[in-house]
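Structural characterization, general
Each chain, letter by letter, is given below.
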Amino acid sequence: MPARTPKSKTARTALIGLAIALPASLALAGVGQAAGAPHATAPRMSAAAPAVKATGLDDPKKKEIAMQIVASAENSDLNWREYYKYLEDIKDGRGYTGGIIGFCSGTGDMLELVELYTKNKPDNPLAKFLPALRKVNGSDSHAGLGAPFEKAWEKAAQDRVFQQAQESERDRVYFDPAVKQGKADGVGTLGQFAYYDAIVMHGPGDSKYSFGGIRKTAMSKAKTPAQGGDEKKYISAFLDARKKAMQSEEAHSDTSRVDTAQRVFLNAGNLGLEPPLKWKVYGESFEIKK
């Protein structure tokens, strides 16, 4: 998942976490990968799991808030649903970047998205591009794609089945693992959001600046609530570690999505991420009233 800068920036930039094996203590499926790295995937469930009551960021209202806050940072826009149709090559070595969380033709997640779409709706505008997507996987090539693919993506984006496929893959690979780990660590809605926003930008794994590495650094500074630690202190330590990870990449050196957004909620003691919410990203102000 490449993290995108706001539309007001001169160019969109990208970062994908390394697809490396996770330590047993990190209960996350593979999320994202660097260009050319082996593709790690989260398993799709073949049978419906027992219903579990949403108690945190997975509550539908809180999940919508999460999507809006992330969109404010990535697109300077709260209306994240406008980006089903997004598709461009941002010249990051990962080919095309598209959709609501930046699926990439060069890293496998775009291929998996189109495979899921085709499984759910065989007769779709993108199905004929599956052979080409398989060939360009792991590269920045547009071979067999180009303008016809771009037009097909735009058409598919109007199809609710394709929109649902994007949402499903977002949840399977990013949102659900982040919330699961947050609950295991005993953090509430804000902490779970901090995890989600971090995994979207940095990917999983146990390298220093991946999600796993950020979490490990935070845990070396403060205990998680599940370990008997103070929730606010732990989240603060996580945000500190997240900020250092962002500063390690020129593309993410502006840390306002932490400093003037998540840190604002934390300092206010709003661990439940309850509206009304006011924050800034890249100097632009946003608000969710209810």
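Let us look at the structure shown here. (Residues numbered from 1 in each chain as written. Predicted model: local features only at pLDDT ≥ 70, side-chain atom pairs only at ≥ 80, totals over all residues. Heavy atoms only, no water.)

1. What to know about the pattern of salt bridges
To keep it simple, the criterion reads: For this document, the term salt bridge refers to a Lys or Arg side-chain nitrogen within 4 Å of an Asp or Glu carboxyl oxygen. Relative accessibility thresholds used throughout: buried, under 20% of the residue-type maximum; exposed, over 50%; partly exposed, between the two (1.4 Å probe, protein chains only). Here a helix means four or more residues in a row that DSSP labels H or I, a strand means two or more in a row labelled E, and each is numbered from the N terminus.
This structure, assessed with the given rule, holds 17 salt bridges. In this structure, Glu82 and Lys85 form a salt bridge, with 3.8 Å as the shortest nitrogen-oxygen distance. By relative accessible area, Glu82 is classed as partly exposed at 39%. Given a relative accessible area of 52%, Lys85 falls into the exposed group. Across the pair Asp259 and Lys243 runs a salt bridge, and its minimum N-O distance is 3.2 Å. Here Lys243 lies in helix 8 (residues 231-247) and Asp259 lies in helix 9 (residues 256-267), a separation of 16 residues in the sequence.

2. Side note on the nonpolar core
Across soluble globular proteins, nonpolar side chains show a tendency to be buried alongside one another. Which entries qualify depends on this criterion: The term nonpolar core refers to a set of buried residues drawn from Ala, Val, Leu, Ile, Met, Phe, Trp, Tyr and Cys, joined through side-chain atoms within 4.5 Å. Residues are treated as being in contact if the distance between any of their heavy atoms lies within 4.5 Å.
Ile69, Leu126, Phe149, Tyr196, Phe238, Leu273 and Trp279 are the most contacted members of the largest nonpolar core, which totals 72 residues. Among the elements that line this core, the one with the most residues is helix 6 (residues 189-202), at nine residues. Apart from the residues lying within four places of it in its own chain, the contact partners of Leu273 are Leu57, Lys62, Ile65, Ile69, Thr189, Leu190, Phe193 and Phe265.

3. Points about the pairing of strand 5 (residues 284-288)
Threshold: Pairing between strands is defined by DSSP: at least two bridges between the two strands are required.
Examined bridge by bridge, strand 4 (residues 277-281) and strand 5 share five bridges and lie antiparallel to one another. The residue bridging Trp279 from the neighbouring strand is Phe286, located in strand 5. In this antiparallel pair of consecutive strands, strand 4 and strand 5, the connection spans two residues, and Tyr282 shows a positive phi of 55 degrees.

4. Structural notes on unusual backbone geometry
The phi angle of most residues is negative, glycine excepted, and most peptide bonds adopt the trans form. Cis rather than trans, the peptide bond between Pro275 and Pro276 has omega equal to 5 degrees. Within the secondary structure, Pro276 is located in the loop between helix 9 and strand 4. With a phi close to 55 degrees, Ser76 is a non-glycine residue in the positive phi region. One non-glycine residue, Leu273, adopts positive backbone phi at about 50 degrees. Looking at where Leu273 falls in the secondary structure, it is placed in the loop between helix 9 and strand 4.

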